[in-house]
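Structure assessment
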Amino acid sequence: MASLAVAGGLIVAAPSGAPAARSAGQVSAQVSQASSKKVARPARKNAGRVKSWAAPGRATITPGVMMYTSGAQCTANFVFTDAVGGVYVGYAAHCAGKGEATDTNGCEVMSLPLGTKVDFVRGGSLVTSGTRLGRGRLAYSSWSAMDQVGTTDGPTCAYNDFALVKVRAKDVKKVNPSVPHFGGPTGIDRSGTSAGESVYSYGNSSLRAGVSTLSPKTGIALGDASADEGWSHEVYTLTPGVPGDSGSGFMTRGGKAVGTLSTVAIAPLPLSNQIGDLLRELNFARATSGIKGLRLTNGTRPFAAS
């Protein structure tokens, strides 16, 4: 589906930085190899995983937290872990991109370098930088990865918009993986979306000036365009995702994580949102990031659609 869109990140100050992406066939091969290696490796590789989290009412680093990267503000989607105890918070790759707000193709725009500092923030707005809750460093960018591996596939370049920030060790105790208001996620949605299906999200744009009642969103999926090859899903939510909500996670029925907010459409469906398919984004990250045992972490609170 042809559309005019802008990236959903809110650039508060001009970012600076550098690099980081293989063809769809090469990535599929890598995913297969990685899967077979996992089966062959001993189970003790998971011994270092985080087994407990901050209580939901006390945690300050969660899905939906504001994330600032060189002045650009976005929203966290979900929490991820690796096999050796690393904790990551996901957001959109364009949040660490070096382009303009209208640059949405990850194969054409460079990324800030891995290792770039990212702040987790509460209460950011157009007039205040808010309160820093903790810090992490950019550990993976799909835009950097696609550059490195030479990706040219259209839908992958357009919608593989996913990055991971590794939470610094002293801030891990502040993390809980539950999505505010809704709870969950309860796993990954592996079937995409269908027209009319309910979707749920939690945005946290600084444009809302801290009005958290506007953060929880419910809406419907509009159906997928076959040309996108499953990489993208179009949705309408109330309220719509706006710049600064970029990166925020979307769940389907039962709390399954289905995607991450990438763009705000201007045409042909004004104020609809395009979300990247999380299953494909995560598989690409597993094949190219070098992060062993990368996986989504389920929330500690049950999902509730109300």
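Residues numbered from 1 in each chain as written. Predicted model: local features only at pLDDT ≥ 70, side-chain atom pairs only at ≥ 80, totals over all residues. Heavy atoms only, no water.

Looking now at the overall build of the protein chain. When helices and strands are tallied, the protein chain shows 4 helices and 16 strands. Residues counted as buried form 54% of the 306 residues belonging to the protein chain. Here the protein chain displays about 12400 Å² of accessible surface, and carbon together with sulfur accounts for 54% of that area. (Helix = DSSP H or I, 4+ residues; strand = E, 2+ residues; numbered from the N terminus. Buried < 20%, exposed > 50% of the residue type's maximum accessible area, 1.4 Å probe, protein only. Areas by Shrake-Rupley, 256 points an atom, 1.4 Å probe, with all protein chains shown as cover.)

Summed over all chains, the structure comprises 2 disulfides. Covalently, Cys74 is tied to Cys95 through a disulfide, its sulfur atoms 2.0 Å apart. Measuring the twist about the S-S bond at about -100°, one finds the Cys74-Cys95 disulfide to be left-handed. You can see Cys74 sitting in strand S4 (residues 72-75) and its partner Cys95 sitting in the loop between strand S6 (87-91) and strand S7 (117-122), a full 21 residues away along the chain. In this structure, Cys74 and Cys95 share a single accessibility class: buried. A sulfur-sulfur separation of 2.0 Å characterises the disulfide bridge that pairs Cys107 with Cys157. (Disulfide = S-S within 2.5 Å.)

With that settled, consider the confidence of the model for the protein chain. When pLDDT is averaged along the protein chain, the result is 86; 83% of the residues meet or exceed 70. Note on residues 1-6: pLDDT under 50 across the span, and 25 contacts to partners over four residues away in sequence or across chains. Counted against residues more than four places away or in other chains, residues 11-44, with its pLDDT under 50, gives 71 contacts. (pLDDT = per-residue confidence, 0-100. Contact = heavy atoms within 4.5 Å.)

This part covers the pattern of salt bridges. Enumeration according to the criterion identifies 7 salt bridges in this entry. Among the salt bridges present, the one from Asp119 reaches Arg132, with a minimum N-O distance of 3.9 Å. Of this pair, Asp119 sits in strand S7 while Arg132 sits in strand S8 (residues 131-141), and the two are 13 residues apart along the sequence. Note that Asp171 is salt-bridged to Arg168, the shortest N-O span being 2.5 Å. Note on Arg168: relative accessible area 29%, which makes it partly exposed. It is possible to trace a salt-bridge network through shared partners that takes in Asp119, Arg132 and Arg135. (Salt bridge = Lys/Arg side-chain N within 4 Å of Asp/Glu carboxyl O.)

Roughly 40 Å³ of volume is contained in the second largest cavity. Every residue along the wall of the second largest cavity is listed here: Pro63, Gly64, Ala76, Asn77, Phe78, Val179, Pro180, Tyr202 and Gly249. Taken together, the residues that form the lining of the second largest cavity break down as 6 nonpolar, 3 polar and no charged. (1 Å grid on protein atoms, 1.4 Å probe; cavity = no way out; pocket = protein on both sides within 12 Å on 5 of 7 lines; lining within 4 Å. Points joined across faces, edges and corners; volume = space filled by probe spheres on them. Nonpolar A, V, L, I, M, F, W, Y, C, P; charged D, E, K, R; others polar.)

Here the largest pocket is characterised by a volume of approximately 440 Å³. Residue lining of the largest pocket: 26 residues in total, with Thr62, Gly64, Pro180, Tyr202 and Asn204 positioned closest to the centre. For the lining of the largest pocket, the residue count by class is 11 nonpolar, 12 polar and 3 charged.

Of all 5 residues in strand S15 (residues 273-277), 5 are buried; the element is thus mostly enclosed. Judged from the 4 bridges that link them, strand S12 (residues 232-238) and S15 form a sheet pairing that is antiparallel. Each bridged residue has a counterpart across the sheet, and for His233 the counterpart in S15 is Ile275. (Pairing = 2+ DSSP bridges.)

Time to look at the nonpolar core. Judged by nonpolar contacts, the single largest core of 51 residues is most densely connected at Met67, Phe80, Tyr91 and Phe120. Of all elements in the fold, only strand S5 (79-81), S6, S7, S8, helix H2 (142-149), strand S9 (163-167), strand S10 (198-202) and helix H4 (278-288) reach the threshold of two or more residues within this core. Per-element tally for this core: the top contributor is H4, with 5 residues. Counting 7 residues, the second-largest nonpolar core is a separate cluster that includes Phe250, Val258, Leu261 and Ile275. (Core = buried A, V, L, I, M, F, W, Y, C linked by side-chain atoms within 4.5 Å.)

Counting across every chain of the model gives 5 aromatic pairs. With a centroid separation of 5.6 Å and an interplanar angle of 75°, the aromatic rings of Phe80 and Phe162 are classed as edge-to-face. In this pair, Phe80 sits in strand S5 while Phe162 sits in the loop between helix H3 (154-159) and S9, placing the two residues 82 residues apart along the sequence. The class for Phe162 is buried, based on a relative accessible area of 0%. Their ring planes at 25° and their centres at 6.4 Å tell us that Phe182 and Phe303 sit as a pair that is stacked. One end of the pair, Phe182, is in the loop between S9 and S10; the other, Phe303, is in the segment after strand S16 (295-296), and 121 residues separate them in sequence. The same class applies to Phe182 and to Phe303, which are both buried. (Phe/Tyr/Trp six-rings, centres within 6.5 Å; stacked < 30°, edge-to-face > 60°.)

Attention now goes to the side chain of Asn77. Here Asn77 shows up in the loop between S4 and S5. Polar contacts involving the side chain of Asn77 include one to the main-chain carbonyl oxygen of Gly247, which spans 2.8 Å. Residues contacting Asn77, with those up to four places away along its chain left out, are Pro63, Gly90, Tyr91, Phe162, Gly247, Ser248, Gly249 and Thr260. (Polar contact = N/O pair within 3.5 Å; in protein donor to acceptor, adjacent residues only side chain to side chain.)

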